[in-house]
Amino acid sequence: LTRGGEWEVWARHALKARKQDNFAARRMENACWRAWKKKSRNGSSHDLTAAASDDATGSDEHVCQDDEEFQERLQSALGGGVDFATCRFRAKPENMAYDDLPTFPMRPNFANFKNSLRPASECVVFDGCPEDPYHPSNTPIYQTSTFVQPSCSEFGAYDYTRSGNPTRTALEKHVALLDQAAAAFAFASGMAALHTVMRLLKCGDEVVCNEDIYGGMHRLLTQDCAFSGIKVVFVDTTDLKAVEKVLTKNTRLLHTESPSNPRMRISDLRKLAALAHEHNVLLSVDSTMMPPVICKPLTFGADIVVHSATKFFSGHADCTGGLVCVRDPNLAHRVAFLQNAEGTALAPFECFLFLRGIKTMHLRVMRAQESAAQVAAFLIAHPRITAAFFPGRGGCSKEDLALHRSQSTGQGSMISLTTGSVEFSKRFCDACKIFKTTVSFGSVNSLCEMPCTMSHASIPADQRTLPDDLIRLSVGIEDVRDLIADLSMAFDIADGRPPKVMPVNGVYDSRFEDLPCVPSPAPATRPWPQEESTRATSGATSEPSEPSEVSSPTQPRGVAAFAPALVLTAFSATLAIAAWRGQRRLAR
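Below, the structure is looked at part by part. (Residues numbered from 1 in each chain as written. Predicted model: local features only at pLDDT ≥ 70, side-chain atom pairs only at ≥ 80, totals over all residues. Heavy atoms only, no water.)

### Considering the overall build of the chain
Stated formally: The numbering of helices and of strands both runs from the N terminus, where a helix is a DSSP run of H or I of at least 4 residues and a strand a run of E of at least 2. The buried label applies to any residue whose accessible area, calculated with a 1.4 Å probe on protein chains only, is under 20% of its type's maximum; exposed applies above 50%, and partly exposed to all values in between. Two residues qualify as a contact provided that any one of their heavy atoms is within 4.5 Å of a heavy atom in the partner residue.
Tallying secondary structure elements over the chain gives 17 helices and 12 strands in all. A burial count over the chain gives 46% of its 588 residues as buried. Residue pairs in contact within the chain that sit at least 24 positions apart in sequence constitute 71% of those at least 6 positions apart.

### Concerning the pairing of strand β7 (residues 322–326)
Filter applied, for reference: The criterion for strand pairing is that DSSP finds at least two bridges linking the strands in question.
Counting buried positions over the 5 residues of β7 gives 5, a clear majority of the element. The alternating pattern of β7 places G322, V324 and V326 and L323 and C325 on opposite faces, both of which are buried. As paired strands, strand β1 (residues 183–187) and β7 are joined by 5 bridges and run antiparallel to one another. Looking across to β7, one finds that A183 is bridged to V326. Across 5 bridges, the pairing between strand β6 (residues 304–308) and β7 is antiparallel. Within β7, the position partnered with H307 by the bridge is L323.

### Description of helix α16 (residues 480–494)
For the record, the criterion: To estimate how far a helix should reach, multiply one less than its number of residues by 1.5 Å.
In this model, α16 (15 residues) spans 21 Å end to end at C-alpha, consistent with the 21 Å of a helix rising 1.5 Å per residue. Buried within α16 are the following residues: V480, L483, D486, L487, S488, M489, A490, F491, D492 and A494. Elements that come into contact with the buried residues of α16 comprise α13 (361–381), α15 (422–431) and β12 (471–474). G496 sits one or two residues past α16 and shows a positive phi near 80 degrees.

### Topic: the sheet that holds β7
Note the following rule: For helices, the fitted line uses only the C-alpha atoms of the stretch in contact; every axis is such a line through C-alpha atoms, and the angle between N-to-C directions lies from 0 to 180 degrees.
The sheet built from 7 strands is open, its strands ordered β1-β7-β6-β5-β4-β2-β3 with mixed pairing. Both edges of this open sheet fall to β1 and β3 (231–235), since each of them pairs with a single strand only. Averaged over all adjacent pairs, the angle separating strand axes in this sheet is 20 degrees, with direction ignored. With respect to the sheet, helix α6 (residues 166–179) is in contact with β1, β6 and β7, its orientation differing from that of β1 by roughly 130 degrees. Against the sheet, helix α8 (residues 215–225) contacts β2 (206–210), β3 and β4 (251–257), and its axis sits at roughly 150 degrees relative to β3.

### What to know about the nonpolar core
Operational definition: Among buried residues, the Ala, Val, Leu, Ile, Met, Phe, Trp, Tyr and Cys ones that are joined through side-chain atoms within 4.5 Å form a nonpolar core.
Residues L171, V175, L254, L283, F313 and M361 are the most contacted members of the largest nonpolar core, which totals 51 residues. Elements that contribute at least two residues to this core include exactly α6, β1, β3, α10 (269–278), β5 (282–286), β7, α12 (348–359) and α13. When residues of this core are assigned to their parent elements, the largest contribution, 6 residues, is made by α6. Look past the residues within four positions of F313 in its chain and what remains in contact with it is V175, L178, P292, H307, L323, F354, G357, I358, M361 and R364.

### Here we look at the sheet that holds β12
Strand order in the open sheet formed by 5 strands is β8-β9-β12-β11-β10, with mixed pairing between adjacent strands. The two strands at the open ends of the sheet, each matched to only one other strand, are β8 (387–389) and β10 (436–437). Taken together, the 2 bridges between β10 and strand β11 (residues 447–449) define a ladder with parallel strand orientation. From the neighbouring strand, K436 faces β11, where its bridge partner is L447.

### Digging into the pairing of strand β9 (residues 414–418)
Of all the 5 residues making up β9, 5 are buried; the element is thus mostly covered by neighbouring parts of the structure. Residues of β9 alternate between two faces, with M414, S416 and T418 on one and I415 and L417 on the opposite face, all of them buried. Here β8 runs beside β9; their pairing, made up of 3 bridges, is antiparallel. Looking across to β9, one finds that A388 is bridged to L417.

### Considerations on the packing of α6 against α12
The criterion, for reference: Definitions for this section: a left-handed crossing has its near helix turned counterclockwise from the far helix by less than a right angle. A right-handed crossing has that turn clockwise.
Following both chains from N to C, one finds α6 and α12 inclined at 35 degrees, their axes separated by 8 Å at the closest point. In this structure, α6 crosses over α12, and the sense of that crossing is left-handed. Counted together, T167, R168, A170, L171, H174, V175 and L178 of α6 and P348, C351, F352, F354, L355 and I358 of α12 form the full contact between these two elements.

### Section: the packing of helix α7 (residues 190–198) against α8
Filter applied, for reference: In these notes the angle categories are as follows: under 35 degrees is roughly parallel, over 145 is roughly antiparallel, 65 to 115 is roughly perpendicular, and the rest is oblique.
One can describe the packing of α7 onto α8 by two numbers: an axis separation of 11 Å at closest approach and a directional angle of 45 degrees. Accordingly, the angle class assigned to the pair α7 and α8 is oblique. Here the hand of the crossing between α7 and α8 comes out right-handed. Contact residues: α7 offers M191, L194, H195 and M198, while α8 offers G216, M217, L220, L221, D224 and C225.

### What to know about empty space enclosed by the protein
The probe, sized like a water molecule, is rolled over the atoms to show the empty space still left. Keep this limit in mind: As defined here, a cavity is a set of points on a 1 Å grid over the protein atoms alone where a 1.4 Å probe fits but cannot get out. A pocket is an open set with protein on both sides within 12 Å along at least five of seven lines, and residues line them when an atom is within 4 Å of a point. Grid points are joined across faces, edges and corners, and a volume is the space filled by probe spheres set on the points.
Overall, the coordinates contain 2 cavities of 30 Å³ or more when judged by the stated rule. Roughly 30 Å³ of internal volume is contained in the second largest cavity. What lines the second largest cavity is F312, R364, A368, G442, S443, V475 and I477.

### Some details on a nonpolar patch on the surface
Selection rule: A patch is a set of surface residues, each over 30% in relative accessible area and not in a salt bridge, joined within 9 Å for like charges and within 5 Å for the nonpolar side chains Val, Leu, Ile, Met, Phe, Trp and Tyr. All accessibility values rest on the Shrake-Rupley procedure with a 1.4 Å probe; residue burial counts only the protein chains present in the view. Only one rule defines a salt bridge in this text: a Lys or Arg side-chain nitrogen within 4 Å of an Asp or Glu carboxyl oxygen.
Residues L117, V124 and V125 make up a contiguous nonpolar surface patch of about 230 Å² in total accessible area. Accessibility expressed as a relative area gives 32% for L117, which makes it partly exposed.

### Some thoughts on the environment of D318
Filter applied, for reference: Polar contact is defined as a pair of N or O atoms within 3.5 Å, subject to the rule that within protein one atom must be able to donate a hydrogen and the other to accept it, and that residues adjacent in sequence are counted only when both atoms are side-chain atoms.
Relative to the assigned elements, D318 resides in the loop between β6 and β7. When its relative accessible area of 40% is taken as the criterion, D318 is described as partly exposed. Separated by 36 residues in the primary sequence, D318 and F354 place their C-alpha atoms 9.7 Å from one another. D318 has contacts with L353 and R356, leaving out every residue within four places of it along the chain. A distance of 3.1 Å separates polar atoms of two side chains, one belonging to D318 and the other to S314.

### A look at the side chain of Q339
By secondary structure assignment, the location of Q339 is in helix α11 (residues 329–342). Setting aside its immediate chain neighbours within four residues, Q339 contacts R168, E172, F185, A186, F187, T344 and A345.

### Here we look at the pattern of salt bridges
The full count for this structure, using the stated rule, is 17 salt bridges. A salt bridge links D479 to R481; its shortest N-O distance comes to 2.8 Å. Under the relative-accessibility criterion, D479 is labelled partly exposed at 28%. Beyond isolated ion pairs, a larger network of salt bridges with shared partners links R384, D492, D495 and R497.

### Let's talk about the state of the cysteines
Quick note on the threshold: The disulfide criterion used throughout: a pair of cysteine sulfur atoms within 2.5 Å.
Counted according to the given criterion, the structure contains 0 disulfides. Cysteine C429 is unpaired, with the sulfur of C448 as its nearest cysteine sulfur at 4.2 Å. On the accessibility criterion, C429 (3% relative accessible area) is buried.

This is the structure in structure tokens:
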């Protein structure tokens, strides 16, 4: 086409979209194509096709030449989902590369978003699929690997679940809302999320990391990143002067935890962000211990926030996942590319489980940290505890406590403690009944572990900054009185003393072997006599069943005592008769 007509307007917009990397432009192109297809399906494509012939004859009849009028018609056809009047396109001399195309539909940028809802409501008031024509109350599980495309030359909103899936988009949007991120991305595990952050670096770059770090992250840095030509430097991130001293012109990333896992050390996120940005360095924060209902590091200047969603986002220890939240849209584009290129995205079913878990996250976190405060008070007063570490009264210095409270709205539910003896710590963990000995944390169940032999065992002993007798507790949502009683009993058993507080049942293994069984085991007697069957079956002669043995005179009195045995015997006899009749029919 050389001039005029809707075709030219559409072609012009499509050309602009292909020549730049704006997500809105790509959506504009796709929407224009959908509008044209809609007119074609409705049998009103004459106006569009007439444009071509009219261009040749010079006639502009039935043709809309004005961009604004075409946008109005397009807006009317597709609704208010896209405001084309506000779309602006930045032209580039080269065509847009395939790998630069977004792997998911446009989504809101929640960076600096101020939600009028409070944290408890933010977890619940969210529609994961507002475009769904059926308006489900919960986001559906789009359990599919592929999506049908409009044509061989156009992309729909989704094409392949590795690249994007509506259920995952819903989860990522909700997480971005909670963390006030430009975008969030869901991965198959927390380590997959951390690995993706490290993939932002290249050979020759340097990463500075907190010395008190999760064991899996330490392993990733020292046994993966270091072998990829990335220099790793460990430093105490609570010491700003020490951090500034190790920053070089090659440093690209500063990674920390606050509180750290498991020593609960507090870093100043605001000052770390200012220091990092002063040296053109990204600040990454693993905020797994502090979910977004009580801490939002992006609002303090962090560029990247990582969560092991397995913990508080799930809350039920029934799925694994990781989350990466970023503040900058350009950084989001790179993370999305890595998620798609490396195939580390979270599957739809796990996304659904996390969406469900988020709804109760605020309730769980609040209940757990309330109980953790009381458990911490009990531990501090216990004579066998040499030290307790947690971001609350008695668990850290006044300065650290004030700093933590300036960055979060709660102390969380994690407590670390030392006993002065490795063997005593082992006996204590083994004696706990409600506190289950397992790695991980953030579940509704209370958990305990010894990091040096469990979650942080991958760190060589000569590189660990942890006491060997350190115990880490994750407080759940059980009644705090039961939790304290369990800990008190474990202390007594570890000390070799009879427990002062012993629960009625003695154990919490859910076997309940001391209780009577229902139904009761059948008495050691002969079965109740069986009567001959008198029912006739069409086409076959009714045959008597085998005569039963005579009942013992020692049988219990009353038919009720034989009820279970009667039911089983009658059912077995019916099956035997049916089988015998079937054989007779075959013989005939």
